[in-house]
Amino acid sequence: MMCEYVYENGQKCRTKPLKGSNFCSLHIPYEEGELLYGEKIKEIKKKAFLKKIRRGITYFEGVYLYDVRISDLKIEQTIVFKNSKIKTLIVDSSEIGGLTIYGSSIERIIIVKTTLKTLMITRSNIFGFNALEVNFSGSIYLKNSEIRYIMMNSFHYTKGEEKPSEEEYGERSKAYGRVELTNLSGVRRIGINSRYPLLRQILEEHGIKVSDISRKHAKAEILAISGVQFDENPRFKRQVRILLRAFNGQLLMENLEIPGHVQVTQSKIKLPEFVHVRILNNIIFRKVRFYSDTTWNLTVLPNLVAELDVEGFMLLEDCQFNNPYIEEIFYRLARTSWERGGDKDKADEYYYKEMVAKRKQRMTAYRRGKRKIFLIESYVEWLLADLTCKYGTTWKRPIVIWIITVNIIFPILFYITKSVEGSGVPLKSFLDYVYFSIVTATTLGYGDLHPVGIGRVLASGEAIFGMFMWAVLLTVFARKYMR
Ligand SMILES: [Zn+2]
């Protein structure tokens, strides 16, 4: 008598069946096992499974398991679950070749303090996938599956020991270090280093102590989220659907419609790329450093505006960019989102940052030895447009500058040089100098006092300054309140 389970390749399971059944302890379905053995079936299955694992058997097809925990296991092979059903699968403190889950249904997968090459979940149905302190030297793929919650805290890509040969290097470097979430459905939340007290509770129930769940960084060559369909239930509509915290690597988001918010904080994001992404609520970047080499493809970059569609607002707080082209486009996206929302002050804030980024572009063009005129232009622009009124976004600044310059700075200059005379003698009172300064700046010029010597140069300069600042003030005022 043998277990009747037939593998997909036609072979039969060659294990002794359980008493009273045609199936072995691993293949006996939940209902039949419970009917025959009651609660004891859980222990029977667990023992049978661990016995196989300890004997080095890592391929499991069509098995039914309750809670299993693979702990302190060191094997080179990949553990495979195919067409199986498991309640909770925990892998902790292990070094394994990999983990492959195919066509299976698992309520919760928790991988803790484990080193592996490649993790692959495909065509499966999973409620919660949790990884915590996972080091991988290959890639992590979750694809073509239904996964409700994906929570990955502090995972680390470490380059494998074996050096790839010259020819295959290109392919390999592309295929390694990736975390790919592709063609998933029913997703409620994707969290990288998000706070998740429930996980700690679950782990403690299983006797696994974790000092800190969310303190560490997550590092990968690329995090690619593409073709993920989120749970449309209105219960989750206003929630953060994608949360990245302390992530370091490239970010690619592709073919997504996100019914909720996206939040990226305290991360170092390389080459952010969005392709056909629509966010129905807000996207928030807080304390994010965006970096890329300056040879970023400038013909592709402007497409970002068309590719990333944010229905709510886009917030960029304490963000840094090493590439002013990316900087300009991000701030422009943020600006237009606030303009659409009708918040002009917030839009102006981003408009200013956008203009500064444009100026930086000319500076980098100069540094790359293009033309000196860019440098001069940049400084003049800074002086006239930024210093005076932050590119027309503040009307208080020109007033303050005008008052200080006309009532203090110029009177002091005239006073020191004694270069203003009335009826042939230099003025004595400081207030007379202030009066002369105001008359000059407003181009009134009564003629009762007149400059001499260097005072003529100063007065001409002040007249030009006064006129320019009035023009600035009127322009900014009109821009702010007349539109
Ligand atoms: Zn069997």
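In this convention, every chain numbers its residues from 1, walking through the sequence in written order. Side-chain atom pairs in this predicted model are given and counted only at pLDDT of 80 or more, local residue features only at pLDDT of at least 70, and totals for whole chains, interfaces and linings cover all residues.

Student: Before we move on, can you summarise helix α2 (residues 40–54) with the specific residues and values?
Tutor: Two residues of an α-helix separated by three or four positions point the same way, owing to the 3.6 residues in each turn. Think of it this way: any DSSP run of H or I at least four residues long counts as a helix, any run of E at least two long counts as a strand, and we number them from the N terminus. A helix is expected to reach a length of 1.5 Å times the quantity of its residues less one. Given a rise of 1.5 Å per residue, 15 residues ought to cover 21 Å, and the 21 Å separating the end C-alpha atoms of α2 matches this to within 8%. Residues with at least 20 other C-beta atoms within 10 Å of their own are called buried, those with 12 or fewer are called exposed, and the rest are partly exposed. The C-beta atoms themselves are positioned from the backbone. Regarding α2, the residues found buried are Ile41, Lys45 and Phe49. Around the axis of α2, the buried residues are gathered within 60° of arc, so they sit on the same side. Facing away from the buried surface of α2 by more than 90 degrees, the exposed residues are Lys40, Glu43, Lys47, Lys51 and Arg54. Where α2 is buried, its residues meet α1 (30–37) and β2 (64–71). One or two steps after α2, the chain reaches Gly56, where phi turns positive at roughly 90°. Directions drawn from the helix axis to the C-beta atoms are what define this arc. By the convention adopted here, residues are in contact when the distance between their C-beta atoms, placed from the backbone, does not exceed 7 Å.

Student: Let's hear about the UniProt feature "domain: Potassium channel" (unreviewed entry) in the chain: which residues, and what values?
Tutor: UniProt tags residues 402–481 as "domain: Potassium channel" (unreviewed entry). The distance from the first to the last C-alpha atom of residues 402–481 is 20 Å, and the span holds 70% helix and 9% strand. UniProt positions are given in the numbering used here, feature names are shortened, and annotations may be inferred rather than shown by experiment.

Student: Please set out unusual backbone geometry residue by residue, giving values where relevant.
Tutor: In this model, Asn83 sits at a positive phi of 45°, which is unusual for a non-glycine residue. Phi is positive for Ser154, which is not a glycine, with a value near 45°. With respect to the element layout, Ser154 can be found in strand β8 (residues 140–157). Take Ser154: there are 21 C-beta atoms within 10 Å of it, and that puts it in the buried class.

Student: Give a detailed account of the sheet that holds strand β22 (residues 425–426), specifying residues and quantitative values.
Tutor: Paired strands, in this sense, are two strands between which DSSP finds at least two bridges. Within the open sheet, the 3 strands sit side by side as β22-β21-β23. Their pairing is antiparallel. The open sheet has two free edges, formed respectively by β22 and β23 (450–451), since each of these has just one partner strand. When strand β21 (residues 420–422) meets β23, the two strands line up antiparallel, connected through 2 bridges. The residue of β23 that forms the bridge with Glu421 is His450.

Student: Lay out the nonpolar core with the relevant residues and their values.
Tutor: The term nonpolar core means buried Ala, Val, Leu, Ile, Met, Phe, Trp, Tyr and Cys residues held together as one set by C-beta atoms within 7 Å. Residues Ile150, Ile225 and Ala334 are the most contacted members of the largest nonpolar core, which totals 97 residues. Here the limits of each domain have been adopted from an automatic or database domain assignment. Each of domain 1 (1–57) and domain 2 (58–373) accounts for three or more of the residues forming this core. If you look at the next biggest cluster of nonpolar residues, it comprises 9 residues, including Phe410, Tyr433, Phe436 and Val439.

Student: Run through the confidence of the model for the chain, naming residues and quoting values.
Tutor: Should pLDDT be low for a region, the predicted coordinates there are not to be read in detail. For every residue, the pLDDT score states the predictor's confidence, bounded by 0 at the bottom and 100 at the top. Summing up the model confidence of the chain, the mean pLDDT is 88 and the portion of residues at 70 or higher is 92%. Long-range and interchain partners of residues 165–173, a stretch whose pLDDT sits below 50, account for 2 contacts in this model, where long-range means more than four residues apart.

Student: Quick one: what's the story with the UniProt feature "transmembrane region" (unreviewed entry) in the chain, residue by residue and with numbers?
Tutor: The sites that carry the UniProt feature "transmembrane region" (unreviewed entry) are, in the present numbering, residues 399–417 and 453–478. Segment residues 399–417 splits into 100% helix and 0% strand. End C-alpha atoms: 26 Å apart. For residues 453–478, helix accounts for 96% and strand for 0%, while the C-alpha atoms at its two ends are 39 Å apart.

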